[in-house]
Amino acid sequence: MDNAIIKCDVQDFVALVTMDRPPVNAVNAQFHEEMMRTFDALSDRDDVRAAILTGAGKVFCAGADIKARLERAPEPGDFWQHSRRAREAFHSILECRVPVIGAINGPALGAGLGIAASCDLLIASESATLGLPEINVGLLGGGRHAMRLFPHSKARRLMFTGQRLSGADLYRLGAVEECVPPDKLMDAARALAAEIASKSPVAIRLAKHAMNTIEFMSLRDGYRFEQNMTGELSKYEDSREAMRAFVEKRPPVFKGR
């Protein structure tokens, strides 16, 4: 995959996806297109069982490219096309068939928050910040994504004031799994990715599908769907291998089928 902005490297069943658009990884049309292409491709790769998403340099993603917006006069249809690309870029992460760990290395602002919130698990550097600055630059957006990470009052304060939260704040609020020194961020992300990659790839893909599907269901409907996924998983060889390994007190050997 020959991308200029969204770089991808796969080792030991873990894909490292890096947003690399200097100086602050601001989003544009090419950014969105490459993000979709990358995560859609990861969904079809048998050599990928987990992914890590991070930013090159000192910024995770600074959000909209405000300077570019001012320099170019919009043409009819531009707004709708940009909005559609942004939505689908976020959803390519959310809907990727393998779990995605967001390694927040620095500021994740506006669209950057949306990208982070679309990941399955988050780890923050102590130098990370997260916020919705749109209210201060003549824009709106990201509130619904913030609601996936924060309770009612905090999501609204972010939206109404542009407040920025530190990595320590994110950990205190339960939005991230860990907050670590900058030089330990990738070690922590890789350790979590390796743990996920050690599980049955069949079970992990069904588990992510289940979690995405039940998020806004009622308790009854959501649990019913999970039960159906358990029934689906039981048809696979990996399921029987997990049971046998448990009974025989040995590590399982998964074949992805």
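Look up: the structure comes first, before these words.
Residues numbered from 1 in each chain as written. Predicted model: local features only at pLDDT ≥ 70, side-chain atom pairs only at ≥ 80, totals over all residues. Heavy atoms only, no water.

1. As for the nonpolar core
At step 1: Counting 44 residues, the largest nonpolar core has Phe39, Leu53, Ile115 and Phe150 as its most contacted members.
At step 2: For this core, the elements supplying multiple residues, two or more each, are β2 (14–19), α1 (29–43), β3 (50–55), α3 (78–94), β4 (100–104), α4 (111–117), β6 (121–125) and α6 (152–161).
At step 3: Discounting chain neighbours no more than four positions away, the residues touching isoleucine 115 are Met19, Val27, Phe31, Met35, Leu53, Phe60, Cys61, Phe90 and Ile93.
At step 4: Grouped together as the second largest cluster of nonpolar side chains are 16 residues, Ile52, Ile101, Ile123 and Ile196 included. (Core = buried A, V, L, I, M, F, W, Y, C linked by side-chain atoms within 4.5 Å. Buried < 20%, exposed > 50% of the residue type's maximum accessible area, 1.4 Å probe, protein only. Helix = DSSP H or I, 4+ residues; strand = E, 2+ residues; numbered from the N terminus. Contact = heavy atoms within 4.5 Å.)

2. Thoughts on α3
At step 1: End to end, α3 covers 24 Å across 17 residues, agreeing with the expected 24 Å (1.5 Å per residue, within 8%).
At step 2: The set of residues buried in α3 consists of Asp78, Ser83, Ala86, Ala89, Phe90, Ser92, Ile93 and Leu94.
At step 3: In this structure, the buried side of α3 is in contact with α1, β3, β4, α4, α5 (143–146) and α9 (201–214). (Expected span 1.5 Å × (residues − 1).)

3. Side note on a nonpolar patch on the surface
At step 1: A cluster of nonpolar side chains, namely Ile66, Leu70 and Val137, defines an oily patch on the protein surface of about 290 Å² accessible area.
At step 2: Mapping leucine 70 onto the fold places it in helix α2 (residues 66–71). (Patch = residues over 30% accessible without salt bridge, like charges linked within 9 Å, V, L, I, M, F, W, Y side chains within 5 Å. Areas by Shrake-Rupley, 256 points an atom, 1.4 Å probe, with all protein chains shown as cover. Salt bridge = Lys/Arg side-chain N within 4 Å of Asp/Glu carboxyl O.)

4. Remarks on the side chain of arginine 205
At step 1: Note on placement: arginine 205 falls in helix α9.
At step 2: Within the buried core, arginine 205 has no salt-bridge partner, and the shortest N-O distance to an opposite charge, that of aspartate 46, equals 5.0 Å.
At step 3: At a separation of 2.9 Å, a polar atom in the side chain of arginine 205 contacts the main-chain carbonyl oxygen of serine 43.
At step 4: Apart from the residues within four sequence positions on either side, arginine 205 is in contact with Leu42, Ser43, Arg45, Val48, Arg97 and Val98. (Lys, Arg positive; Asp, Glu negative; His and termini not counted. Polar contact = N/O pair within 3.5 Å; in protein donor to acceptor, adjacent residues only side chain to side chain.)

5. Structural notes on the pattern of salt bridges
At step 1: Counted according to the given criterion, the structure contains 13 salt bridges.
At step 2: A salt bridge links arginine 45 to aspartate 47, with the nearest nitrogen and oxygen atoms 2.8 Å apart.
At step 3: Classification of arginine 45 by relative accessible area gives partly exposed; the value is 30%.
At step 4: Judged by relative accessible area, which is 32%, aspartate 47 ranks as partly exposed.
At step 5: Notably, a salt bridge pairs lysine 255 with glutamate 237, separated by 3.6 Å at the nearest N-O pair. Here the residue lysine 255 occupies a position in the segment after α11 (237–248), and glutamate 237 occupies one in helix α11, the gap between them amounting to 18 residues.

6. As for the packing of α1 against α3
At step 1: Taken N-terminus to C-terminus, the directions of α1 and α3 make an angle of 30°; their axes are 8 Å apart at the nearest point. Taken together, the axes of α1 and α3 lie roughly parallel to each other. Crossing angle aside, the handedness with which α1 passes α3 is left-handed. Where α1 approaches α3, its residues Ala29, His32, Glu33, Met35, Met36, Phe39 and Asp40 are matched on the opposing element by His82, Arg85, Ala86, Glu88, Ala89, Ser92 and Ile93.
At step 2: By residue class, the composition of the contact of α1 with α3 is seven nonpolar, three polar and four charged. (Axes fitted to C-alpha atoms, helices over the stretch in contact; angles between N-to-C directions. Parallel < 35°, antiparallel > 145°, perpendicular 65-115°, else oblique. Left-handed = near helix turned anticlockwise from the far one by under 90°. Nonpolar A, V, L, I, M, F, W, Y, C, P; charged D, E, K, R; others polar.)

7. Some remarks on the packing of aromatic side chains
At step 1: Taken as a whole, this structure holds one aromatic pair when the rule is applied.
At step 2: Ring geometry for phenylalanine 79 versus tryptophan 80: centroids 4.8 Å apart, planes at 75°, classification edge-to-face.
At step 3: Residue phenylalanine 79 is classed as exposed on the basis of its relative accessible area of 54%.
At step 4: The positively charged end of arginine 49 is found above the aromatic ring belonging to phenylalanine 13, 4.0 Å away from the centroid. (Phe/Tyr/Trp six-rings, centres within 6.5 Å; stacked < 30°, edge-to-face > 60°. Lys NZ or Arg CZ within 6 Å of the ring centre and 35° of its normal.)

8. With respect to the sheet that holds β6
At step 1: Reading across the sheet, the six strands line up as β1-β2-β3-β4-β6-β9 and stay open at both edges, with mixed pairing between neighbours. Looking at strand neighbours, the two that pair on one side only are β1 (6–11) and β9 (178–180), the edges of this open sheet. Neighbour to neighbour, the strand axes of the sheet diverge by 20° on average, direction disregarded.
At step 2: Note: β4 against β6, four bridges, orientation parallel. The residue bridging glycine 102 from the neighbouring strand is leucine 122, located in β6. (Pairing = 2+ DSSP bridges.)

9. Section: the environment of alanine 73
At step 1: Inspection of the secondary structure assignment puts alanine 73 in the loop between α2 and α3.
At step 2: Note on alanine 73: relative accessible area 60%, which makes it exposed.
At step 3: In this structure the C-alpha to C-alpha distance between alanine 73 and asparagine 3, which are 70 residues apart in sequence, comes to 27 Å.

10. Here's the deal with the packing of α9 against helix α10 (residues 219–233)
At step 1: Running from N to C, α9 and α10 point in directions that differ by 165°, and their axes come no closer than 10 Å. Taken together, the axes of α9 and α10 are roughly antiparallel relative to one another. Classified by chirality, the crossing of α10 by α9 is right-handed. For the pair α9 and α10, contact is made by Val202, Ala203, Leu206, His209, Ala210, Thr213 and Ile214 and by Gly222, Phe225, Glu226, Met229, Glu232 and Leu233, respectively.
At step 2: Considered class by class, the residues forming the contact of α9 with α10 number eight nonpolar, three polar and two charged.

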